[in-house]
Amino acid sequence: MTTETKTRARPAAVILTASAERRIADLMAAAPEGTIGVKLSTPKRGCSGLAYSVDYVADEVKYDEKIETPGGIFYIDGGSVLYLIGSTMDWVEDDFTAGFTFVNPNAKGSCGCGESFTV
């Protein structure tokens, strides 16, 4: 008797709002030559430990999460995925500031200035 293994598509590690997807499209439209996507990572920084960083990327890395959006490819650093699972990424603009914001169920705390978070 042969057993067939079935796989199902897994949900993306990070949910992107429509506003975040539009911002990724804007970034890709203005990207330097050779850019293949935009990448989210969580480098060690700030007083709480980890920070969110969004940068252009020119090379695909084997263990990075890859999310195809209407405006371009969005990568999540393979070493950061566990800190970000279930997060929602948004782009917010108002009269005083503009930037990506994150609702991260894995964050246990953050610094007073909002620069970094702990897990």
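Before going into details, it helps to say that this report is about the structure given with it. Starting from 1, residues in each chain are numbered consecutively following that chain's sequence as written. Local features in this predicted model are restricted to residues of pLDDT 70 or higher, and side-chain atom pairs are both shown and tallied only at a pLDDT of 80 or more, whereas totals for entire chains, interfaces and linings draw on every residue. Side-chain measures here rest on the full set of heavy atoms in the structure, leaving out hydrogens and waters.

1. Thoughts on the overall build of the protein chain
Just so we agree on the cut-off: Numbered from the N terminus, helices here are DSSP runs of H or I no shorter than four residues, and strands are runs of E no shorter than two. Each residue's exposure class comes from its accessible area (1.4 Å probe, protein chains only) as a fraction of the maximum for that residue type: buried when under 20%, exposed when over 50%, partly exposed otherwise. Residues are treated as being in contact if the distance between any of their heavy atoms lies within 4.5 Å. A 1.4 Å probe and the Shrake-Rupley method give the accessible areas. Residues count as covered only by the protein chains that appear here.
When you go through the protein chain residue by residue, the secondary structure sums to 2 helices and 11 strands. Along the protein chain, helices (α) and strands (β) appear in the sequence β-α-β-β-β-β-β-β-α-β-β-β-β when read from the amino end. Burial status across the protein chain gives 34% buried among its 119 residues. Taking all contacts inside the protein chain whose residues are at least 6 apart in sequence as the whole, residues at least 24 apart take part in 50%. Here the protein chain has roughly 7,800 Å² of accessible surface; of this, 52% comes from carbon and sulfur atoms.

2. Considerations on the pairing of strand β9 (residues 98-103)
Working note: regular strand, side chains alternate between the two faces of the sheet. Threshold: Any two strands with at least two DSSP bridges between them are considered paired.
Pairing between strand β8 (residues 87-93) and β9: 6 bridges, direction antiparallel. Within β9, the position partnered with Glu 93 by the bridge is Ala 98. Joining the antiparallel neighbours β8 and β9 is a turn of 4 residues.

3. A few points about the sheet that holds β9
Our working rule: Geometry is summarised by axes, namely lines fitted to C-alpha atoms with helices restricted to the contacting stretch, and by angles between N-to-C directions that run from 0 to 180 degrees.
Pairing in this open sheet of 3 strands is mixed, and the strands run β1-β8-β9 from one edge to the other. In the strand order of this sheet, the two ends are held by β1 (14-16) and β9, each with one partner. Geometrically, the sheet is characterised by an average inter-axis angle of 30 degrees between neighbouring strands, direction not taken into account. Against the sheet, helix α1 (residues 18-29) contacts β1, β8 and β9, and its axis sits at roughly 70 degrees relative to β8.

4. Let's talk about a negative patch on the surface
Operational definition: Like charges are joined within 9 Å and nonpolar side chains (Val, Leu, Ile, Met, Phe, Trp, Tyr) within 5 Å, but only among residues with over 30% relative accessible area and no salt bridge; these make up the patches. We define a salt bridge as a side-chain nitrogen of Lys or Arg found within 4 Å of a carboxyl oxygen belonging to Asp or Glu. Residues scored as charged are limited to Lys and Arg (positive) and Asp and Glu (negative), so that His and the chain ends carry no count. Where a charge lies is defined by one atom per residue type: Lys uses NZ, Arg uses CZ, Asp uses CG and Glu uses CD.
Residues Asp 26, Glu 93, Asp 94 and Asp 95 make up a contiguous surface patch of negative charge. Relative to the helices and strands, Glu 93 is located in strand β8. On the basis of relative accessibility, which here comes to 59%, the residue Glu 93 falls in the exposed class.

5. Focus: the pattern of salt bridges
One pass over the structure, following the stated rule, counts 3 salt bridges. Among the ionic pairs, Lys 39 bridges to Asp 64, the shortest N-O distance being 2.7 Å. Remark: Asp 64 occurs in the loop between β5 (53-57) and β6 (65-69) and Lys 39 occurs in strand β2 (residues 37-41); sequence separation between them is 25 residues. In this structure, the salt-bridge partner of Asp 77 is Lys 39, at a minimum N-O distance of 4.0 Å. Of the two residues, Asp 77 is situated in the loop between β7 (72-76) and α2 (81-84) and Lys 39 in strand β2; the sequence distance between them amounts to 38 residues. The class of Asp 77 is partly exposed, set by a relative accessible area of 22%. Connected via shared salt-bridge partners are Lys 39, Asp 64 and Asp 77.

6. So, the packing of aromatic side chains
Threshold: Note on ring pairs: Phe, Tyr and Trp rings are taken, using the six-membered ring of Trp, and paired if centres are within 6.5 Å. Classes follow the plane angle, with under 30 degrees stacked, over 60 edge-to-face and the rest tilted. Any Lys NZ or Arg CZ found within 6 Å of a ring centre and within 35 degrees of that ring's normal is scored as a charge over the ring.
Overall, the coordinates contain 2 aromatic pairs when judged by the stated rule. Relative to Phe 102, the ring of Tyr 52 has its centre 3.9 Å away and its plane inclined at 10 degrees; by these criteria the two rings are stacked. Of this pair, Tyr 52 sits in the loop between β4 (49-50) and β5 while Phe 102 is found in strand β9, placing the two residues 50 residues apart along the sequence. Ring geometry for Trp 91 and Phe 100: centres 4.9 Å apart, planes at 70 degrees, overall edge-to-face. We classify Trp 91 as buried; its relative accessible area is 15%. Sitting above the plane of the Trp 91 ring, Arg 23 keeps its charged end 4.4 Å from the centroid.

Interpretation in functional terms is not warranted from these geometric data alone.
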